[in-house]
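Listed below are the residues making up each chain.
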Amino acid sequence: MQDLGYSKKLERGMGCMRSIIDEFFLLKSKPAVKLYYEHAAKMPIIDYHNHLNPQEIAEDKVYENMTELWLGGDHYKWRAIRAMGYPEELVTGRKNVTSVDSFIEEEELDYRRFLAYADTVQSLVGSPLYHWTHLELKRYFDIDEALTPDTADYIWEKCNALLKKGDYSVRNLLRKQKAETICTTDDPADTLEWHKKIAADDFEISVRPSFRPGRVLEIEDDGFVSYMSELGEAAGIEITDIETLLAALGKRLDYFVSVGCRVTDHSLEKDFFRETTLSAVDKIFKKRLSEESCSITLDEAAAFRGYVLICLGKMYAEREMVMQLHIGALRNNSERMFKILGADSGYDSIGDFNYIPQLAKLLSVMDAEDELPRTILYYLNPKDAMALSTLAGCFQGNSKGIRGKVQLGSAWWFNDHKFGIEQQLQILSDTGLLSTFIGMLTDSRSFLSFPRHEYFRRILCDRLGTLVENGEYPYDMIYLGEMVENICYNNAKDYFDFD
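So, here is what we can say about the structure in this document.

Scoring rules and cut-offs
- Residues numbered from 1 in each chain as written.
- Predicted model: local features only at pLDDT ≥ 70, side-chain atom pairs only at ≥ 80, totals over all residues.
- Heavy atoms only, no water.
- Pairing = 2+ DSSP bridges.
- Helix = DSSP H or I, 4+ residues; strand = E, 2+ residues; numbered from the N terminus.
- Contact = heavy atoms within 4.5 Å.
- Axes fitted to C-alpha atoms, helices over the stretch in contact; angles between N-to-C directions.
- Buried < 20%, exposed > 50% of the residue type's maximum accessible area, 1.4 Å probe, protein only.
- Lys, Arg positive; Asp, Glu negative; His and termini not counted.
- Salt bridge = Lys/Arg side-chain N within 4 Å of Asp/Glu carboxyl O.
- Left-handed = near helix turned anticlockwise from the far one by under 90°.
- Nonpolar A, V, L, I, M, F, W, Y, C, P; charged D, E, K, R; others polar.
- Core = buried A, V, L, I, M, F, W, Y, C linked by side-chain atoms within 4.5 Å.
- Parallel < 35°, antiparallel > 145°, perpendicular 65-115°, else oblique.

## Focus on the sheet that holds strand β8 (residues 322-327)
No. 1: Read across the sheet, 5 strands follow the order β6-β7-β8-β11-β12 without closing on themselves; strand pairing throughout is parallel. Strand pairing shows two members of the sheet lacking a second neighbour, β6 (210-211) and β12 (406-408), which therefore form its edges.
No. 2: Pairing of β6 with strand β7 (residues 263-268) involves 2 bridges; the strand directions are parallel. Note that in β7 the partner of S210 across the bridge is V263.
No. 3: Contacts between helix α20 (residues 477-496) and the sheet are confined to β7, β8, β11 (374-379) and β12, with β11 contributing the most and set at about 125° to the helix.

Here is the structure:
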């Protein structure tokens, strides 16, 4: 059998296969290699949507071990370990979930959880988790061995030894990946005290809040009324009707802007638009405030959400901010495990509801007076990708000459694997304008997740290199190189106006 130059990949280290991460990982052509190393690889990172903890950045936390750093809050890994049949104690670290006494001593639990993940990784054939895991081991810890049960002890000891060094604190982890700007996800009632502390420290990486008023829109939720009191207290306004609610939101939005906020975020998971009026929405809102138990109908809830979203969108446009719409999650599907573990524990999935006509009306109402803000449309269900891309194309014209004003968002959550990223790039190329794309994000709670930008950049360069090799685009490395740098960094910097 012909060698084909891959003998290096068959070398064994410590009795096991070496990692797949080498200089040609995912790059299958000479143009792809040239675009990646001469352009993509050198660009700083703007991570404009993640769920990192600003307190940990402010305090420059040092993690105790790889389990705390790698498995804490990472529902991607939790889902994989569960699928291997491991008990919840080795997934999230939660004990007595099945009303069975813990079988592992506390001091041994983190180590055993790491071993469970190492065993799982070997089975992640074709999974983005396999790629991310080894990118993270290579980029942060210079580990070339593949993570398997055989190498687990060596990797556990080496990584933990490095974590004890001062240059592996949270801030230094961000520095290692050339992060320039990161945007966390924050509730409108948040004090933003940790963001202010980070700014006061003159930390060279810009850590900005994002305005996420999700709880404002969930009028059917049990905690809605108490949250209105919390929001009103933060704004210094008693919320009694729709006008005072909007006043409170505007005041909190101005406060967020004063702390560096340039981006907002919404998760839309159910109907979010009905034709309505101010008086009708005011009546719905007052009824909900007066009730101990909710009797709001589905149509009333959708009318309320749509009206508030439109008002917020106009506020965003006035302040020249970006509105993100993440659409299509179906959350907390296992009621049994939700009662035990709560939200964000790995029991969410892709939803399916017919929202394109609602979204078109929502955008059109804001656009009618040129009050549609810069908007990013993210799909979770791949069937919606083409519809969102073509809908985005209907709202590009604007008086300020913004390039790519309405964006098809990057491959998000269940789509941020190789196939999903390639699909998003293909659809954007087919129905939009790839050159104006603002690139990748991590959407992660992990400080080790930033090599996902490298993952995306390699896939992007490989796709462009393939087009050149196939004769579908000229060998114009000057233009393509500029375009790669724009997608990886410059477009986002201009779009969010982080300067």
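And the narrative resumes.
## Structural notes on the side chain of R113
No. 1: The topology assignment puts R113 in helix α5 (residues 106-122).
No. 2: Buried charged residue R113 carries no salt bridge. Nearest counter-charge: D110, at 4.1 Å.
No. 3: Non-local contacts of R113, meaning those with residues more than four positions away in its chain, are made with T67, L71, W78, E89, L90, V91, T92 and G93.

## Concerning the packing of helix α6 (residues 128-141) against helix α19 (residues 451-469)
No. 1: Their axes nearest at 9 Å, the elements α6 and α19 cross at an angle of 115°. By crossing handedness, the relation of α6 to α19 is classed as right-handed. Across the interface between the two elements, P128, H131, W132, L135, E136, R139 and Y140 from α6 touch P451, R452, E454, Y455 and R458 from α19.
No. 2: Taken together, the residues of the contact of α6 with α19 break down into 6 nonpolar, 1 polar and 5 charged.

## Describing the pairing of β7
Two faces belong to every sheet, and in a regular strand the side chains alternate between them.
No. 1: Of all 6 residues that make up β7, 6 are buried, and the element is covered over most of its length.
No. 2: Side chains V263, D265 and S267 of β7 all project onto a buried face; the interleaved residues T264, H266 and L268 project onto the opposite face, where all are buried too.
No. 3: Here β7 pairs with β8 via 6 bridges, running parallel. When the bridges of β8 are listed, D265 appears paired with Q324.

## Quick look at the nonpolar core
No. 1: Judged by nonpolar contacts, the single largest core of 159 residues is most densely connected at M66, F141, L245, F304, L359 and F496.
No. 2: Looking at which element gives the most residues to this core, the answer is helix α14 (residues 298-318), with 11 residues.
No. 3: When sequence neighbours within four positions are dropped, the list of residues in contact with F304 reads V216, L217, I219, F224, I242, L245, V281, I284 and F285.

## Re the packing of helix α16 (residues 356-367) against helix α17 (residues 385-392)
Angle between the axes and distance between the axes: these two values describe a pair of packed helices.
No. 1: One way to put it is that α16 packs onto α17 with a least axis distance of 11 Å and a crossing angle of 20°. If you check the angle between α16 and α17, you find them roughly parallel. The handedness of the crossing between α16 and α17 comes out as right-handed. Touching I356, L359, A360 and L363 of α16 are A387, L388 and L391, all from α17.

Read these as layout, nothing more, since geometry by itself doesn't imply function.
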